[in-house]
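Chains, contacts and geometry: an overview
Each chain, written out:
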Amino acid sequence: MPPEAPAPLPLVAVEAPCAIRRRALGVLAERDIPTTVVCDAGYLAGVLDAARAGLGAALLASVGPGPEGLTERHDLPPVPAIRMSAHARRGADPAMVAGAVAAVSALLSSGPAPAGR
């Protein structure tokens, strides 16, 4: 009888379509790491809550310090960065858009974050 395959890696992610979810599943598949999405969330807060509850691993953007209550995993393959962008909705308040751009720019210019959480 052949040996049992390892259990799939439980993954929590934002529901499709999501570039980070696609990236996590792609990198794990490239490395032949069996994976199953055990929790789909509509928003990042749901992914963080599921990961904090121990339901599975989550690939998160590396910007600033890691979320409280989560631990970086070093036993999974590194995930090369992808370019991300955001667009203001048509009719958005220009002052709100300018404030959001300034906040994100300040966050991104605060220096490199640790790789892969």
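Residues numbered from 1 in each chain as written. Predicted model: local features only at pLDDT ≥ 70, side-chain atom pairs only at ≥ 80, totals over all residues. Heavy atoms only, no water.

**Focus on the confidence of the model for the protein chain**
- For the protein chain, the average pLDDT comes to 86, and 88% of its residues sit at 70 or higher.
- Within the protein chain, the lowest mean pLDDT, 86, falls on helix α3 (residues 94-108), and the highest, 96, falls on strand β1 (residues 9-14).
- Note on residues 112-117: pLDDT under 50 across the span, and 22 contacts to partners over four residues away in sequence or across chains. (pLDDT = per-residue confidence, 0-100. Helix = DSSP H or I, 4+ residues; strand = E, 2+ residues; numbered from the N terminus. Contact = heavy atoms within 4.5 Å.)

**Some details on the pairing of β1**
- Taken together, the six bridges between β1 and strand β2 (residues 35-41) define a ladder with parallel strand orientation. Bridging from a neighbouring strand, P10 pairs with T36 of β2.
- Running through helix α1 (residues 19-30), the crossover from β1 to the neighbouring parallel element β2 is right-handed. (Pairing = 2+ DSSP bridges. Right-handed = clockwise from strand over helix to strand, strands pointing away.)

**Some details on α1**
- Relative to the 16 Å expected for 12 residues at 1.5 Å per residue, α1 spans 16 Å between its end C-alpha atoms, a close match to the ideal helical length.
- Of all the positions in α1, only R21, A24, V27 and L28 are classed as buried. Here the buried residues of α1 occupy an arc of 140 degrees about the axis, which is enough to place them on one side. Seen from the buried face of α1, the exposed residues on the opposite side, beyond 90 degrees, are R22 and E30.
- On the buried face of α1, the contacting elements are β1 and β2.
- Once α1 finishes, D32 follows within two positions and takes phi at roughly 55 degrees, a positive value. (Expected span 1.5 Å × (residues − 1). Buried < 20%, exposed > 50% of the residue type's maximum accessible area, 1.4 Å probe, protein only. Arc of directions from axis to C-beta.)

**Points about unusual backbone geometry**
- For the peptide bond that leads from A16 to P17, omega is 0 degrees, which places it in the cis range.
- Within the secondary structure, P17 is located in the loop between β1 and α1.
- At D32, a residue that is not glycine, the phi angle is positive and equals roughly 55 degrees.
- Position of D32 relative to the elements: it lies in the loop between α1 and β2.
- Accessibility expressed as a relative area gives 69% for D32, which makes it exposed.

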